[in-house]
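The primary structure of each chain is shown beneath.
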Amino acid sequence: MALTLSALNLGKVYQGQPVLNDFSYRFEAGGAYAVMGPNGSGKSTLLRILALLEPPDTGVVQYLAGSVILPPGLDLRRRLALLLPNVGVFNTTVFNNVAYGLKVRGVPWEEVEVRVRRALEAVGLCHKERQRAVTLSSGETKRLGLARVLVIAPEVLLLDEPTASLDPANMELVEDIILRVKDQRKTTLIVATHDHAQVERWAGGRRLYLDRGKLLTG
Ligand SMILES: Nc1ncnc2c1ncn2[C@@H]1O[C@H](COP(=O)(O)OP(=O)(O)O)[C@@H](O)[C@H]1O
Ligand SMILES: [Mg+2]
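Residues numbered from 1 in each chain as written. Chains lettered and ligands numbered in written order. Predicted model: local features only at pLDDT ≥ 70, side-chain atom pairs only at ≥ 80, totals over all residues. Heavy atoms only, no water.

Caption draft 1: How the structure looks around unusual backbone geometry. Although it is not a glycine, Ala153 sits at a positive phi angle of roughly 45°. The class of Ala153 is exposed, set by a relative accessible area of 53%. (Buried < 20%, exposed > 50% of the residue type's maximum accessible area, 1.4 Å probe, protein only.)

Caption draft 2: Inspection of the nonpolar core at higher detail. If you look at the biggest cluster of nonpolar residues, it comprises 35 residues, and the most contacted ones within it are Val98, Val116, Leu146, Leu157, Leu159 and Leu189. Taken together, domain 1 (1-76 + 157-165 + 185-218) and domain 2 (80-153) each give at least three residues to this core, which thus spans both. The contacts of Val116, once residues within four sequence positions are left out, are Phe95, Val98, Ala99, Leu102 and Val151. In this structure, Leu10, Leu46, Tyr63 and Leu80 belong to the second largest nonpolar core, which totals 29 residues. (Core = buried A, V, L, I, M, F, W, Y, C linked by side-chain atoms within 4.5 Å. Domains from an automatic or database assignment. Contact = heavy atoms within 4.5 Å.)

Caption draft 3: Examining the pairing of strand E3 (residues 32-36) more closely. Among the five residues that make up E3, five are buried, leaving the element largely enclosed by the rest of the structure. Burial of E3 is two-sided: the residues Ala32, Ala34 and Met36 facing one way and the residues Tyr33 and Val35 facing the other way are all buried. The pairing of E3 with strand E8 (residues 188-192) spans four bridges and is classified as parallel. The residue of E8 that forms the bridge with Ala32 is Leu189. Summarising the sheet, E3 and strand E9 (residues 207-211) pair through three bridges and their orientation is parallel. Bridged to Ala34 within E9 is Arg207. (Helix = DSSP H or I, 4+ residues; strand = E, 2+ residues; numbered from the N terminus. Pairing = 2+ DSSP bridges.)

Caption draft 4: Structural view of the sheet that holds E9. An order of E6-E7-E8-E3-E9-E10 is seen for the six strands of this open sheet, with the pairing classed as mixed. The open sheet has two free edges, formed respectively by strand E6 (80-83) and strand E10 (214-215), since each of these has just one partner strand. On top of the sheet, helix H1 (residues 43-50) reaches E3, E6, strand E7 (156-160), E8 and E9; it is set at about 155° to E7, its chief contact. Together, E3, E7 and E8 form the strand contacts of helix H6 (residues 168-184), whose direction differs from that of E8 by roughly 145°. (Axes fitted to C-alpha atoms, helices over the stretch in contact; angles between N-to-C directions.)

Caption draft 5: Up close: the packing of aromatic side chains. Following the criterion strictly, the structure yields five aromatic pairs and no others. Grouped by ring-pair contacts, the aromatic residues Tyr25, Phe27 and Tyr33 constitute a single cluster. (Phe/Tyr/Trp six-rings, centres within 6.5 Å; stacked < 30°, edge-to-face > 60°.)

Caption draft 6: Up close: a nonpolar patch on the surface. Residues Phe90, Tyr100 and Val104 make up a contiguous nonpolar surface patch of roughly 270 Å² in combined accessible area. Among the structural elements, Tyr100 can be located in helix H3 (residues 94-103). In this structure Tyr100 comes out as partly exposed when scored by relative accessible area, which is 44%. (Patch = residues over 30% accessible without salt bridge, like charges linked within 9 Å, V, L, I, M, F, W, Y side chains within 5 Å. Areas by Shrake-Rupley, 256 points an atom, 1.4 Å probe, with all protein chains shown as cover. Salt bridge = Lys/Arg side-chain N within 4 Å of Asp/Glu carboxyl O.)

Caption draft 7: Region of interest: the site of ligand 1. Taken together, the neighbourhood of ligand 1 is formed by Tyr14, Gln15, Val19, Pro38, Asn39, Gly40, Ser41, Gly42, Lys43, Ser44, Thr45 and Arg48. Ser41 is positioned such that a nitrogen or oxygen atom in its backbone is 3.2 Å from an oxygen atom of ligand 1. In this structure, an oxygen atom belonging to ligand 1 sits 2.8 Å away from a side-chain N or O atom of Ser44. Its free accessible area being 560 Å², ligand 1 has 60% of it covered by the protein chains. A per-element tally of the shell around ligand 1 places H1 first, with four residues. Across the shell around ligand 1, the residue classes break down as three nonpolar, seven polar and two charged. (Near = heavy atom within 4 Å. Polar contact = N/O pair within 3.5 Å; in protein donor to acceptor, adjacent residues only side chain to side chain. Nonpolar A, V, L, I, M, F, W, Y, C, P; charged D, E, K, R; others polar.)

Right, here's the structure in full:
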């Protein structure tokens, strides 16, 4: 079940510099949203705070299932996923990298196998499942990162510039995968990107524009 995410008056200051400034927005369950803005405007900071990886200095992030406010904590965090712009891989096989998130969630092994294979197939990496992840090309690494977040079927998925520095073929593959996630509407999708065509495809033009940490349009 996709979750609603409500951000209220979020503020963040790094070394005396405000990076997020009174950010408020309600992301509806199953909706798809694009976060835009120049480098340094606070997009990644916002995504980390929304993903509960970092606390804001002011304001609150609230997750709701229907009208029920979910208590913050590990249980909630395990229902969310954030794909970072630079995917860090574990020094093990491609398969194990994707399986990790399911293992820590206590998913039974037979189910892990099925879900990992399905995720690897979705990103076109089935034939690489035994390869060590550190030996993948950068495009494959990015797709592995996507498989790792998709496999856990997150109820909120945050993607930080998922197609940055990909070649056209990889970009198309990743764009199609994200479009499928969006169309299923089982996940609330929030994507930081600079690409206006992606905003149209993924978020139907629903864009949030950050300028020096301030939300300009909602
Ligand atoms: N952990 C941190 N410590 C200090 N400054 C940071 C930290 N994270 C981000 N910043 C600063 O916050 C500003 C916004 O960064 P970021 O959220 O990454 O922007 P964007 O993703 O839009 O490029 C930048 O000036 C960046 O240097
Ligand atoms: Mg960023």
